[in-house]
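Structural overview
Spelled out, the chains give:
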Amino acid sequence: MSLDEAGLLFAQTHEWAHIEEVDGQKIATVGVSAFAIEQLNDLVYMDLPEVGRVVASGDELGEVESVKAVSPLYSPVSGEVIEVHSDLPDQLEDLNADPYGFGWIVKIRLSDDSSVEGLLTCDAYQKQCSESA
Amino acid sequence: MNRTQGRLVPLRSFRGNENMSFDQLLQEIVDRTKVPTLRFYGWLKPTLSLGYFQNLSRRAEHPGSAGIECVRRSTGGGALIHDSELTYSLVIPQAAGSVGPRLDLYEKTHQCMIDTLAEFGVFTDPFHSLCRKDCADRSNRFLCFQRRTREDLILHGYKIVGSAQRKSRGSLLQHGSVLLNSSDAAPDLPGANDLLSQSLTPSEIADCFADKLSKEFGLHWNEQDFCVEEVERSQAIAGQRFSSEAWLNRR
């Protein structure tokens, strides 16, 4: 099921995060924004991290290739990767259609709530996108 | 007109792992300094460069290049056989929020190359001007010069110029090849000299191309070769990445 874009948080680098509390722990579901997917233009490859990897906010989380360009994906939050959407790299054509549902990339158990504080609301992110377009 | 100052690293030839390390070094420098940088280079030995996401096992698809050196690039696309060619790399600063490939950079640089080659009587066309509707090539053929993308430059039906990109936090690297003569490792891929019975040299194309880029992007090139510290840093990059078996075998 697709998440409501308006309720998501966004990094300046175009990754989204949906934070929920599960068994007393904060879990971020992370993906790439619809705007970025459109700009990335015909993705052909995606590399994802392994489960267990510990990342800080802003660290490289993976890489994608489109139109012979390799671009990094960055983690919007700090924590440990606890789940990876391993089917995604083989179904990149479906990412366009559902960036906030099928397009989730990883789930990260937050180690540091403060990493969320720097993220943008949907409105602020949309403003950033319109200014850069 | 006031022009932005840029750095021009003059044409020199190196081994494949060194060439890729110098390109990464330049991207690190531009991330920091924000000074647009252009470099030209050649290859001391015929070298196959794999696209970043290509599997090494795919070399078996091209037996003709089985015996030559191999390096994995940090940029996308298919494998290239570098031999008698001019290679360029252009690194430009990028805003933090930029995303995706810079299609406009492919377009502008390749237009500069079209204009450059035309000055030597070599009239190329971008592939998109030759195809009817959908230019997308999803053939995934092993060699880059057997594939076609919109901005590739075509001469007599053969691709002779192709480029690829790599983004970092604060810059974008685009490097590309101008095929001058076919390689013994890929005799079925002719270069401009083979197709037109010419004898173009890398240095004359490099000089003209630098001038065209200068005008297109409003840049003044200051020639500056690598200093000792930069060579040492590129050697460290080679050790960690482009000379490493783990990097080559990562896919």
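Just so it is clear, the model here is predicted, and its values are computed rather than measured. (Residues numbered from 1 in each chain as written. Chains lettered and ligands numbered in written order. Predicted model: local features only at pLDDT ≥ 70, side-chain atom pairs only at ≥ 80, totals over all residues. Heavy atoms only, no water.)

**Overview of empty space enclosed by the protein**
Inspection of the entire model under this criterion finds three cavities of 30 Å³ or more. Empty space within the largest cavity amounts to approximately 200 Å³. Around the largest cavity, the lining comprises 19 residues; the ones closest to its centre are Thr13, Pro72 and Tyr74 of chain A together with Ser98 and Val99 of chain B. Every element with two or more residues in the lining of the largest cavity is listed here: α1 (34-40) and β7 (69-74) of chain A. For the lining of the largest cavity, the leading source of residues is β7 of chain A, giving four residues. For the lining of the largest cavity, the class distribution of residues is 10 nonpolar, six polar and three charged. (1 Å grid on protein atoms, 1.4 Å probe; cavity = no way out; pocket = protein on both sides within 12 Å on 5 of 7 lines; lining within 4 Å. Points joined across faces, edges and corners; volume = space filled by probe spheres on them. Helix = DSSP H or I, 4+ residues; strand = E, 2+ residues; numbered from the N terminus. Nonpolar A, V, L, I, M, F, W, Y, C, P; charged D, E, K, R; others polar.)

**Thoughts on the layout of surface pockets**
Unfilled space is identified by rolling a water-sized probe across the atoms. The space that makes up the largest pocket amounts to roughly 940 Å³. Asp42, Val44 and Val67 of chain A together with Ala136 and Asp137 of chain B are the residues nearest the centre of the largest pocket, which is lined by 36 residues in total. Elements represented by at least two residues in the lining of the largest pocket include exactly β4 (43-47) of chain A together with α2 (103-119) and β9 (158-167) of chain B. Looking at the lining of the largest pocket, its residues break down into 13 nonpolar, eight polar and 15 charged.

**Observations concerning the interface of chain B and chain A**
Facing 29 residues of chain B, the contacting portion of chain A comprises 26 residues. Between chain B and chain A lies a buried interface of about 2000 Å² when both sides are counted; carbon and sulfur atoms form 53% of it. When the area that chain B buries against chain A is broken down by residue, the three leading residues are Phe53, Val99 and Arg169 of chain B, summing to 32%. Across the chain B-chain A interface, the total number found is three salt bridges. A salt bridge links Lys68 of chain A to Asp152 of chain B; the nearest nitrogen and oxygen atoms lie 3.2 Å apart. Counting only elements with at least two residues in the side of chain B that touches chain A, the list comes to α2 and β9 of chain B. No other element matches β9 of chain B, which puts seven residues into the side of chain B that touches chain A. Of the residues that constitute the side of chain B that touches chain A, the class distribution is eight nonpolar, 13 polar and eight charged. Pairing analysis gives two bridges linking β7 of chain A to β9 of chain B, with the strands arranged parallel. (Contact = heavy atoms within 4.5 Å. Buried area = accessible area lost by both parts, 1.4 Å probe. Salt bridge = Lys/Arg side-chain N within 4 Å of Asp/Glu carboxyl O. Pairing = 2+ DSSP bridges.)

**Looking at the sheet that holds strand β3 (residues 47-50) of chain B**
Residue and element names in this part refer to chain B. Taken together, the three strands give an open sheet; going across it, the order is β4-β3-β5, and neighbouring strands pair in mixed fashion. Each edge of the sheet is formed by a strand with only one pairing partner; in this case those strands are β4 (69-72) and β5 (80-82). Put simply, the sheet's adjacent strands are angled 25 degrees from each other on average, direction ignored. Relative to β4, β3 runs parallel, the two sharing four bridges. Bridging from a neighbouring strand, Leu48 pairs with Cys70 of β4. (Axes fitted to C-alpha atoms, helices over the stretch in contact; angles between N-to-C directions.)

**A word on the packing of aromatic side chains**
This model, assessed by the stated rule, comprises 12 aromatic pairs over all chains. Ring geometry for Phe10 of chain A versus Tyr125 of chain A: centroids 4.4 Å apart, planes at 5 degrees, classification stacked. Residue Phe10 of chain A is located in strand β1 (residues 9-10), and its partner Tyr125 of chain A is located in helix α3 (residues 122-132); the two are separated by 115 residues in the primary sequence. On the accessibility criterion, Tyr125 of chain A (1% relative accessible area) is buried. With a centroid separation of 4.8 Å and 55 degrees between ring planes, the pair formed by Phe14 of chain B and Phe22 of chain B is classed as tilted. Aromatic rings pair up to connect Tyr45 of chain A together with Tyr52, Phe53, Phe242 and Trp247 of chain B into one cluster. Looking at Lys107 of chain A, its charged tip hangs above the ring of Trp104 of chain A, at a distance of 5.2 Å from the centre. The ring centre of Tyr52 of chain B lies 4.9 Å from the NZ or CZ of Arg166 of chain B, which sits over that ring. (Phe/Tyr/Trp six-rings, centres within 6.5 Å; stacked < 30°, edge-to-face > 60°. Buried < 20%, exposed > 50% of the residue type's maximum accessible area, 1.4 Å probe, protein only. Lys NZ or Arg CZ within 6 Å of the ring centre and 35° of its normal.)

**Description of the pattern of salt bridges**
All names here are of chain A. Evaluated as defined, the whole model comprises 18 salt bridges over all chains. For Arg109, the salt bridge is made with Glu80, and the minimal N-O distance between the two is 3.3 Å. Highlighted residues: Arg109 in strand β9 (residues 104-110) and Glu80 in strand β8 (residues 79-84), separated in sequence by 29 residues. In this structure Arg109 comes out as partly exposed when scored by relative accessible area, which is 28%.

**What about the confidence of the model for chain B?**
In regions of low pLDDT, the predicted coordinates are not meant to be interpreted in detail. Chain-level statistics for chain B give a pLDDT mean of 95 and a share of 99% at 70 or above. Across the predicted assembly, pTM comes out at 0.93 and ipTM at 0.93. (pLDDT = per-residue confidence, 0-100.)

**Examining helix α4 (residues 202-217) of chain B**
All names here are of chain B. Compared with an ideal rise of 1.5 Å per residue, which puts 16 residues at 22 Å, α4 spans 22 Å between its outermost C-alpha atoms and is within 8% of the ideal. Burial in α4 covers these residues: Ile205, Ala206, Cys208, Phe209, Ala210, Lys212, Leu213 and Ser214. Elements that come into contact with the buried residues of α4 comprise β2 (37-43), β6 (84-93), α2, β10 (171-181) and β11 (219-223). A positive backbone phi angle near 65 degrees is found at Gly218, which sits one or two residues after α4. (Expected span 1.5 Å × (residues − 1).)

**So, the nonpolar core**
Counting residues in each nonpolar core, the largest one holds 46 residues, and the members touching the most others are Phe40 and Leu48 of chain B. The residues contacting Leu48 of chain B, other than those within four sequence positions of it, are Arg59, Ser65, Ile68, Glu69, Cys70, Val71, Ala79, Leu80, Ile81, Phe142 and Leu143 of chain B. In terms of nonpolar packing, the next biggest core, distinct from the first, is built from 37 residues, Ala11, Ala28, Val30 and Trp104 of chain A among them. (Core = buried A, V, L, I, M, F, W, Y, C linked by side-chain atoms within 4.5 Å.)

**Focus on the pairing of β10 of chain B**
Residues and elements named next belong to chain B. By the criterion of burial, β10 is predominantly enclosed, with 10 of the 11 residues buried. Pairing analysis gives 10 bridges linking β6 to β10, with the strands arranged antiparallel. The partner of Ile92 across the bridge, within β10, is Leu172. Of the pairings in the sheet, the one linking β9 to β10 comprises seven bridges and is antiparallel in character. When the sheet's bridge partners are listed, Gln165 is paired in β10 with Gln174.

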